[in-house]
Amino acid sequence: MNFKGQHILSTEQFDRDRILKVFYEALKMEKSFNSKKNSILMKGKILATVFFEPSTRTRFSFETAMLRLGGSVISNSAMMQTSSITKGESLSDTAQILSRFADVIVMRHPRSNAVSEFALGSKVPVINAGDGSHDHPTQGLLDLHTIYKEKGKIDGLTIGLVGDLKYSRVFHSQARLLSNFKVKLCLVSPAELALQEEIVALLKTKRIPFEVKEDILKVIKNLDVISTNRIQEERFSDKKEFEKFRNKYVFNKEVLNRAKRDSILINPLPRVDELSPEIDDDPRCKHFEQVSNGVYVRMALLKLVFGF
Ligand code: NCD
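Residues numbered from 1 in each chain as written. Predicted model: local features only at pLDDT ≥ 70, side-chain atom pairs only at ≥ 80, totals over all residues. Heavy atoms only, no water.

This part takes up the site of the ligand. The immediate surroundings of the ligand are formed by 13 residues, with T58, H136, R169, N229 and R230 found nearest. In this structure, R108 approaches the ligand through a side-chain N or O atom, which is 3.1 Å from an oxygen atom. P268 places a polar main-chain atom, nitrogen or oxygen, 3.1 Å from a nitrogen atom of the ligand. Here the ligand loses 95% of its free accessible area of 320 Å² to cover by the protein chains. Sorting the residues of the shell around the ligand by element identifies α2 (57-68) and α7 (169-178) as the ones contributing at least two each. Counted by class, the shell around the ligand contains four nonpolar, five polar and four charged residues. (Near = heavy atom within 4 Å. Polar contact = N/O pair within 3.5 Å; in protein donor to acceptor, adjacent residues only side chain to side chain. Areas by Shrake-Rupley, 256 points an atom, 1.4 Å probe, with all protein chains shown as cover. Helix = DSSP H or I, 4+ residues; strand = E, 2+ residues; numbered from the N terminus. Nonpolar A, V, L, I, M, F, W, Y, C, P; charged D, E, K, R; others polar.)

Next up, the structure:
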């Protein structure tokens, strides 16, 4: 249960108790954030954000979290182009250096497991902000926190993961985290973009009932939570393949009209084709609420990692 001094590299590190602990701390952080009084919890501490892949929400929300907690931030959002990595420095050496400057490091990289490789060289906790198509633990935690806040529970829900189940690290994180609860999953994707065998095996081991479907319209009325994400264009080696799927799942008024009245729809953003702005005002859509929840969850994780 203790997070102090630990890296946060994978959703596999989170069991049910740890997830609930993050929710509990995040609710406290939300209150503190809304009081508009900046905390001094992280006074004197420095967060480094090191991004080798584009980001808007994840980087800014970690930085906002640290600043709201009274800490400071050093940042490079274009590591791939401007850091000494371009001169051939290894990830491990980069980590050695940065961990002499910062007290905690948040890192994103386009290659699966690159963040874990980096963490081997770090003397301070490293938090994975997305590594290739592998994992995005803090996004998965904020998605589950959103479900928990909106539905008051996670156990007992039927949750659909809809879209690019092969390449979306967000779906991978959600599936692993949800396997700690008594949920039913509906895995909706074209066969070519199915969930990888390793995660399917985990669902089986943990006895999570799931069904595999291609047509969202056939199952949408059964879903309490509709989890969506864009088709991950940058991970396709064949762009024609991407074009084939880019409009496969488009959530608009017509589609959402078929969903339960009390369902919710989540999306980590950025959205491209899969989420029409015409449904932004539908009370079931929580994609902007997720952004705020992301700050509270990241404030909670920083607090836990420092052991405060
Ligand atoms: C996600 C990511 O980076 O995986 N974005 C995010 O962190 N909010 C989702 C995506 O890029 O599709």
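Taken together, the side chains of I74, I97 and F101 define a hydrophobic patch exposed on the protein surface, amounting to about 270 Å² of accessible area. Mapping I97 onto the fold places it in helix α4 (residues 91-98). (Patch = residues over 30% accessible without salt bridge, like charges linked within 9 Å, V, L, I, M, F, W, Y side chains within 5 Å. Salt bridge = Lys/Arg side-chain N within 4 Å of Asp/Glu carboxyl O.)

A word on the pairing of strand β6 (residues 184-188). Across the five residues of β6, four count as buried, placing the element largely inside the fold. Note that strand β5 (residues 158-162) and β6 share five bridges and pair parallel. Bridge pairing in β6 links T158 to K184. With α7 bridging β5 and the parallel β6, this β-α-β connection has right-handed handedness. Strand direction decides the pairing type here: β6 and strand β7 (residues 210-213), joined by four bridges, are parallel. Within the sheet, the bridge partner assigned to L185 lies in β7 and is F210. On the question of chirality, the crossover connecting β6 to the parallel β7 by way of helix α8 (residues 197-205) is right-handed. (Buried < 20%, exposed > 50% of the residue type's maximum accessible area, 1.4 Å probe, protein only. Pairing = 2+ DSSP bridges. Right-handed = clockwise from strand over helix to strand, strands pointing away.)

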